[in-house]
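The lines below spell out each chain.
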Amino acid sequence: MLKQKILINIKNGLHIRPAAKLVKESKKFKSEIIIEHNNHIVNAKSLFKLQTLGIIQGDEINIFIKGKDEKYALKNLLNIIKKIK
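Residues numbered from 1 in each chain as written. Predicted model: local features only at pLDDT ≥ 70, side-chain atom pairs only at ≥ 80, totals over all residues. Heavy atoms only, no water.

(A) Examining unusual backbone geometry more closely. One non-glycine residue, Asn38, lies in positive phi territory at about 50 degrees. Here Asn38 is to be found in the loop between strand 2 (32–37) and strand 3 (40–43). Unusually for a residue other than glycine, Asn39 sits at a positive phi of about 65 degrees. Within the secondary structure, Asn39 sits in the loop between strand 2 and strand 3. (Helix = DSSP H or I, 4+ residues; strand = E, 2+ residues; numbered from the N terminus.)

(B) View of helix 1 (residues 16–26). For helix 1, the set of buried residues is Pro18, Ala19, Leu22, Val23, Glu25 and Ser26. Along the axis of helix 1, the buried residues cluster in a sector spanning 165 degrees; they form a single face. Every exposed residue of helix 1 that faces more than 90 degrees away from the buried side is listed here: Arg17, Lys21 and Lys24. Along its buried surface, helix 1 packs onto strand 2, helix 2 (47–51) and helix 3 (70–83). (Buried < 20%, exposed > 50% of the residue type's maximum accessible area, 1.4 Å probe, protein only. Arc of directions from axis to C-beta. Contact = heavy atoms within 4.5 Å.)

Shown next as structure tokens:
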């Protein structure tokens, strides 16, 4: 299992469009992908659940990834988050 702490620098946080991009990318992988924010844990492959976290700019999240493609999944998800404006 891989774990990565990430600072969200997206102007309006993980509102619907950036969250949808993250979910779309997460669904490409077989690994289980979990996001934790303020002691709440959700499946990164669910847009609805991701939106319930209320992640805003400046928040830190933890991403947990477990599975055969976990290294590749983590690399891609980090790139997606960095590219979202």
